[in-house]
Structure formats: structure tokens, C-alpha cells
Amino acid sequence: MANVDATLKAALEIDGATAVALVDWESGMSLGQAGGGALDLDVAAAGNTDVVRAKMRTMQRLGLEEKIEDILITLGTQVHLIRLLQSSTGHGLFLYLVLKKDTSNLAMARRQLSQLERSLEV
């Protein structure tokens, strides 16, 4: 099992990763973050919390009882990946990963983030 800091550090080692945060989607607060540069990860955490909440409401209204694995937002030069934690200790949390579009492999990034999620101890 890995702690939050070790998980965030490992996520930044994913090819093309520039920023990562662990976020509580009920409060919108970041519980930890790494990288980011000019990207304000606190603003990103709060904004992506709105995205997760909206998707949860939509699924409820549609009567969908499946769990969200991840949400993908593709920009011109970046890919933003929101991975909702499925573990009992991670309920209500998501990992937010920013990737450079031209140097990342989305399939591998999703796989690696899933593996990191399974080993994360919150």
C-alpha cells in the first residue's frame, strides 16, 4: 500500500504527466498535489469537483447504477483525466491527472492510474 505522497509522485512519472492531485469531490478540496507549474491545482480541483457532481446527478436521473471509472477531458495540447477511486477507503475521492497530449499514451496512463489507485491507502 502506498501513501498519498508516494502515489502522487508515481503518477507524475507517467509519460507526459505534468500535474496530479487527489481531490475530495464532496468538498472540492485537494488532499495532495504534485507538479502543476502555472496550473493552479486548487482551482482545477474545485472545478473538476463540479464536473464529477454534474455527472453523478446525470447518472442518477438516468437511472444508471454503474460506477464511473474515469472522466476524460481533451484539450488542444492537454488531456485531463479524472479517476474516481473505487476502494472503500477512497470513497468520495478522485485522482486528477494532467497529461501533455503529444507525449502521453492515454491507454497506458489510464492503466497506470488504475494501478496506482488500487495501491493507494488514504
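All residue numbers refer to position in the chain's written sequence, counted from 1. Since the coordinates come from a predicted model, pLDDT governs what is reported: local features require at least 70, and pairs of side-chain atoms require 80 or more to be given and counted, while whole-chain, interface and lining totals use all residues. Hydrogens and waters are ignored; side-chain quantities use all the structure's heavy atoms.

(A) Geometry of helix α2 (residues 41-62). With 22 residues, α2 should reach 32 Å at 1.5 Å per residue; the first-to-last C-alpha distance of 31 Å fits that figure. Buried, partly exposed and exposed residues are distinguished by accessible area as a fraction of the type maximum, computed with a 1.4 Å probe on protein chains only: under 20%, between the cut-offs, and over 50%, respectively. Numbering of helices and strands runs from the N terminus; a helix is a DSSP stretch of H or I covering at least four residues, while a strand is a stretch of E covering at least two. Among all positions of α2, only Leu 41, Ala 44, Ala 45, Asn 48, Thr 49, Val 52 and Met 59 are buried. Taken end-on, α2 shows its buried residues confined to a sector of 140°, consistent with a single buried face. α2 presents Val 43 and Arg 61 as exposed residues on the side facing more than 90 degrees away from its buried surface. At its buried positions, α2 is contacted by β1 (17-24), β2 (30-35), β3 (70-74), β4 (78-84) and β5 (93-100). Positive phi appears at Gly 63, one or two residues downstream of α2, with a value of about 75°. The span you would expect from a helix comes to 1.5 Å times its residue count less one. The directions considered for the arc are those from the helix axis to the C-beta atoms. Residues count as neighbours in contact if any of their non-hydrogen atoms are within 4.5 Å of one another.

(B) Quick peek at the sheet that holds β4. Pairing between strands is defined by DSSP: at least two bridges between them are needed. An order of β2-β1-β5-β4-β3 is seen for the five strands of this open sheet, with the pairing classed as antiparallel. On the outer flanks of this sheet lie β2 and β3, each paired with one strand and no other. Taken pair by pair, the neighbouring strands of this sheet meet at an average axis angle of 10°, ignoring direction. As defined by bridge partners, β3 adjoins β4 across five bridges and the pair is classed as antiparallel. Within the sheet, the bridge partner assigned to Ile 71 lies in β4 and is Ile 82. Axis definition: a line fit to C-alpha positions, over the contact stretch in the case of helices; interaxial angles, taken between N-to-C directions, run 0 to 180 degrees.

That's the geometry; what it means functionally is another story.
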